[in-house]
Amino acid sequence: KVGWLDGFTRNVSAGGVLVAGADALGRGDRLRLRFELDSEEDLIDLLARVVRADDAWGLRGLRLERLTDRERERIVKFVFARQRRALAELRSRSA
């Protein structure tokens, strides 16, 4: 299969990504995944494999493959920063 799919990232971790809107992908399919971390200039470009296909919800679980230590570190830093911002927002709402 060749071409671009526009999906929506629902969840990101150092080992994988959960996406919606990529219904054309089936379990076992490999793909090149490109997404923004903090800005349009902060792109990450990776290889992934579909390890879960939930057709009822239109979700695909992708396992990231061949990650370098630097790529994994960038993702982990991004995830932790997002978690800190979300926690700070929750705290400010309840104060």
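Residues numbered from 1 in each chain as written. Predicted model: local features only at pLDDT ≥ 70, side-chain atom pairs only at ≥ 80, totals over all residues. Heavy atoms only, no water.

Quick notes on helix α1 (residues 69-94)
- Taking 1.5 Å per residue, 26 residues should reach 38 Å; α1 reaches 38 Å between its end C-alpha atoms and fits that length.
- Where α1 is concerned, the buried positions are Glu-71, Ile-75, Phe-78, Val-79 and Ala-81.
- Where α1 is buried, its residues touch β1 (8-12), β4 (43-54) and β5 (59-65). (Helix = DSSP H or I, 4+ residues; strand = E, 2+ residues; numbered from the N terminus. Expected span 1.5 Å × (residues − 1). Buried < 20%, exposed > 50% of the residue type's maximum accessible area, 1.4 Å probe, protein only. Contact = heavy atoms within 4.5 Å.)

Remarks on the confidence of the model for the chain
- Considering every residue of the chain, the mean pLDDT works out to 90; 98% of them sit at 70 or more.
- Per-element confidence in the chain is highest for β5, whose mean pLDDT is 96, and lowest for strand β3 (residues 30-36), whose mean pLDDT is 89. (pLDDT = per-residue confidence, 0-100.)

Quick word on the environment of Phe-35
- Locating Phe-35 in the fold gives a position in strand β3.
- Note on Phe-35: relative accessible area 9%, which makes it buried.

Section: the side chain of Glu-65
- Among the structural elements, Glu-65 can be located in strand β5.
- Note on Glu-65: relative accessible area 13%, which makes it buried.
- A polar contact of 3.3 Å, which involves the side chain of Glu-65, links it to the side chain of Arg-30.
- If sequence neighbours within four positions are ignored, Glu-65 has contacts with Arg-30, Leu-47, Ala-48 and Arg-49. (Polar contact = N/O pair within 3.5 Å; in protein donor to acceptor, adjacent residues only side chain to side chain.)

Considering the pattern of salt bridges
- For the coordinates displayed, the defined rule picks out ten salt bridges.
- Asp-42 is paired through a salt bridge with Arg-74; the nearest N and O atoms lie 2.5 Å apart. One end of the pair, Asp-42, is in the loop between β3 and β4; the other, Arg-74, is in helix α1, and 32 residues separate them in sequence.
- Judged by relative accessible area, Asp-42 falls into the partly exposed class, the value being 23%.
- With a closest N to O distance of 3.2 Å, Glu-73 and Lys-77 form a salt bridge. Separated by four residues within a single helix, Glu-73 and Lys-77 lie in helix α1, roughly one turn from each other. (Salt bridge = Lys/Arg side-chain N within 4 Å of Asp/Glu carboxyl O.)

Brief notes about unusual backbone geometry
- Although it is not a glycine, Arg-66 sits at a positive phi angle of roughly 55 degrees.
- Inspection of the secondary structure assignment puts Arg-66 in the loop between β5 and α1.
- For Arg-66, a relative accessible area of 66% corresponds to the exposed category.

A word on the sheet that holds strand β2 (residues 16-20)
- Here five strands make up an open sheet; going across it, the order is β1-β2-β5-β4-β3 and the pairing antiparallel. Two strands lie at the open edges of the sheet, namely β1 and β3, each paired on one side alone. When strand polarity is set aside, the average angle formed by the axes of neighbouring strands in this sheet is 40 degrees.
- Contacts from α1 reach β1, β4 and β5, with the element oriented near 75 degrees to β4. (Pairing = 2+ DSSP bridges. Axes fitted to C-alpha atoms, helices over the stretch in contact; angles between N-to-C directions.)

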